[in-house]
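# A structural walkthrough
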Amino acid sequence: MALQSSGSPSTPGGAPAPATVLRFPSGFLWGAATSAFQIEGNTHADGRGESIWDRFCRLPGRVAGGGTGEPACDHYRRWREDVALMARLGLGAYRFSVAWPRIFPNGGAPLNQKGLDFYRRLVAALREHGIVPMITLYHWDLPQALQERGGWAARDTALRFAEYAALLFDRLGNEVPLWATINEPMLITYAGYAGRTKAPGVGRPWQTLAVAHHLLLAHGLAVRAFRQIVSQRADDRLAPGIGIVLNLRPCHPASPHPRDARAARLLDTLTHRLFLEPLFRGQYPEAALRFFRRRCVSLPAAPGDMAIIAEPTDFLGINVYVRVLAKSDLIMGAKQVPGPGPKTAMGWEIYPPCIGEALALAREYTSLPLYLTENGAAFTDRPGPGGTIDDQERIAYLRAHLAEAHRAIAAGIDLRGYFVWSLLDNFEWEDGYGPRFGLIHVDYATQARQPRASAHWYAGVIAQHGVPME
Ligand code: FCB
């Protein structure tokens with residue numbers, strides 16, 4: 001594996017050159033990520049059905065500033081321009097999601113051909129530019145029609161998901177090397193169903209285990225469908241493969257007190273191991289089941305489900321932004337408090353070792369290839385000279401987190417790629433259009449795109465296949 005640090009000579013103009021470049025292994029994929037609801041806009045175009053996020057955005061007070069899926073980045077119409085921007089950055093890979101309600105407006109057949117055509121064209125354009133497409137099948141925009149039948153609390157939704165996934169495997173399976181089933185089941189479970197902050201926002205904690213289980217079941221059923229439909233060549237590093245995307249937020253005790261250490265373990269179990277253990281060991285962690293049993297939360301597992309959930313996959317995607325500190329809490333057992341370090345505009349602590357810690361946690365469960373499918377930060381823009389956007393804070397964030405990724409690879413972790421969240425500024429869920437995560441700035445009124453300094457910096461990283469350290 002080619003992995004080194006090298007000094008680089010000074011530039012011809014005599015400007016001081018960066019002292020070291022952290023070189024990444026050959027074949028390492030440099031990507032950026034988005035998701036359908038966050039960028040596409042055009043929520044009524046070409047027969048798209050309503051999603052739970054369309055509905056949620058209309059509930060008073062749920063989304064900051066009353067933001068909705070319109071106009072987002074108008075990507076549904078401007079995708080050609082966006083692919084051209086990616087090509088200019090030199091992106092090796094692009095992770096995006098398919099909007100289920102564009103494919104099956106009511107959750108199931110009949111197929112909406114125009115919706116499918118959008119993604120076929122997008123995939124074709126990416127491939128023409130040599131950009132590897134990674135499709136996320138579910139990035140939170142469930143067809144509202146399925147929510148009306150119980151959403152993820154209902155087992156049937158997992159079966160409908162498998163049908164939707166099978167359709168996409170059938171039509172695009174061999175053109176797309178990387179398939180992710182579900183994005184961040186943890187947040188869907190806790191924020192969308194147990195809590196009220198993300199769609200559908202129902203606030204039904206008693207559904208926690210049902211939702212988690214059905215999401216995992218949906219994943220496993222899709223993996224089985226994938227194996228039946230898509231041919232795979234084991235000798236090809238980028239032969240079509242499938243995995244899930246989990247978000248991992250390393251949990252640290254907020255104080256040395258043993259109560260807080262216990263709280264950190266509990267948080268880790270409920271947010272990470274509740275998903276990792278069934279996926280990779282075919283069972284739920286006993287400590288989590290005990291926790292929920294005491295709260296009368298039941299697990300609706302049927303015989304055979306665990307084998308489906310643990311169906312072997314080809315990679316694991318992890319989204320990593322932050323660590324959390326855990327404090328003991330009388331009612332919930334544990335609560336999260338932000339760490340003491342400097343924060344992004346989301347109030348998330350900047351803590352680069354979260355990358356290595358999250359990769360190590362994943363490694364406890366699997367030796368599969370790993371991808372960092374999301375990492376990035378929102379900051380408030382400061383104008384630079386000549387109308388540029390000089391987002392040095394974002395560059396520093398990306399550099400520090402990539403350095404940790406490099407360190408993990410050097411220590412033997414099989415990390416195959418890194419996706420910046422996000423390519424474009426976009427609709428940040430319940431936070432609306434406030435937080436800006438993009439390498440590329442989007443003026444939502446004019447839809448003008450402007451690469452920030454970080455985009456130019458990242459293009460340099462990609463071009464030299466390494467991260468310049470200062
Ligand atoms: C992740 C989501 C992604 C984006 C980032 C900031 O949890 O997967 O859509 O909102 O956070």
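Structure: above.
In this report, we go over the structure that sits alongside the text. The model shown is predicted, which means the values in this text are computed figures rather than measured ones. (Residues numbered from 1 in each chain as written. Predicted model: local features only at pLDDT ≥ 70, side-chain atom pairs only at ≥ 80, totals over all residues. Heavy atoms only, no water.)

### Observations regarding the packing of helix α9 (residues 208–229) against helix α10 (residues 258–281)
Quick note on the threshold: Interaxial angles span 0 to 180 degrees and are taken between N-to-C directions of axes, which are lines fitted to C-alpha atoms, for helices over the stretch in contact. Secondary structure elements follow DSSP: runs of H or I no shorter than four residues count as helices, runs of E no shorter than two count as strands, and numbering proceeds from the N terminus. To sort the angles, those under 35 degrees are grouped as roughly parallel, those over 145 as roughly antiparallel, those from 65 to 115 as roughly perpendicular, and the leftovers as oblique. By the definition used in this description, the sense in which the near helix is turned from the far one sets the handedness, with an anticlockwise turn below a right angle giving left-handed and a clockwise turn giving right-handed. In what follows, a contact means two residues having at least one pair of non-hydrogen atoms within 4.5 Å. When residue character is reported, Ala, Val, Leu, Ile, Met, Phe, Trp, Tyr, Cys and Pro are called nonpolar, Asp, Glu, Lys and Arg charged, and the others, Gly included, polar.
At a minimum axis separation of 11 Å, α9 and α10 run at an interaxial angle of 40°. Taken together, the axes of α9 and α10 are oblique relative to one another. Crossing angle aside, the handedness with which α9 passes α10 is right-handed. The residues of α10 that touch α9, namely those facing L209, A212, L216 and H219, are L274, F275, P278 and L279. In the contact of α9 with α10, the residues fall into seven nonpolar, one polar and no charged.

### Observations regarding the packing of α10 against helix α13 (residues 354–365)
Look at α10 against α13: their axes get within 9 Å of each other, and the N-to-C directions meet at 40°. Seen from above, α10 lies across α13 with right-handed handedness. For the pair α10 and α13, the contacting residues are D268, H272, R273, L276, E277, F280 and R281 in the first and L361, E364 and Y365 in the second.

### Points about the sheet that holds strand β11 (residues 333–337)
The condition that has to hold: Note: two strands are recorded as paired if DSSP finds a minimum of 2 bridges between them.
The sheet built from three strands is open, its strands ordered β8-β10-β11 with mixed pairing. Single-partner strands in this sheet number two, and they are β8 (251–253) and β11. Ignoring strand direction, the axes of neighbouring strands in this sheet form an average angle of 45°. The pairing of β8 with strand β10 (residues 324–329) spans three bridges and is classified as parallel. Paired with H252 across the two strands is L325, which belongs to β10. Against the sheet, α10 makes contact with β8, β10 and β11, and its axis sits at roughly 115° relative to β10, the strand it touches most.

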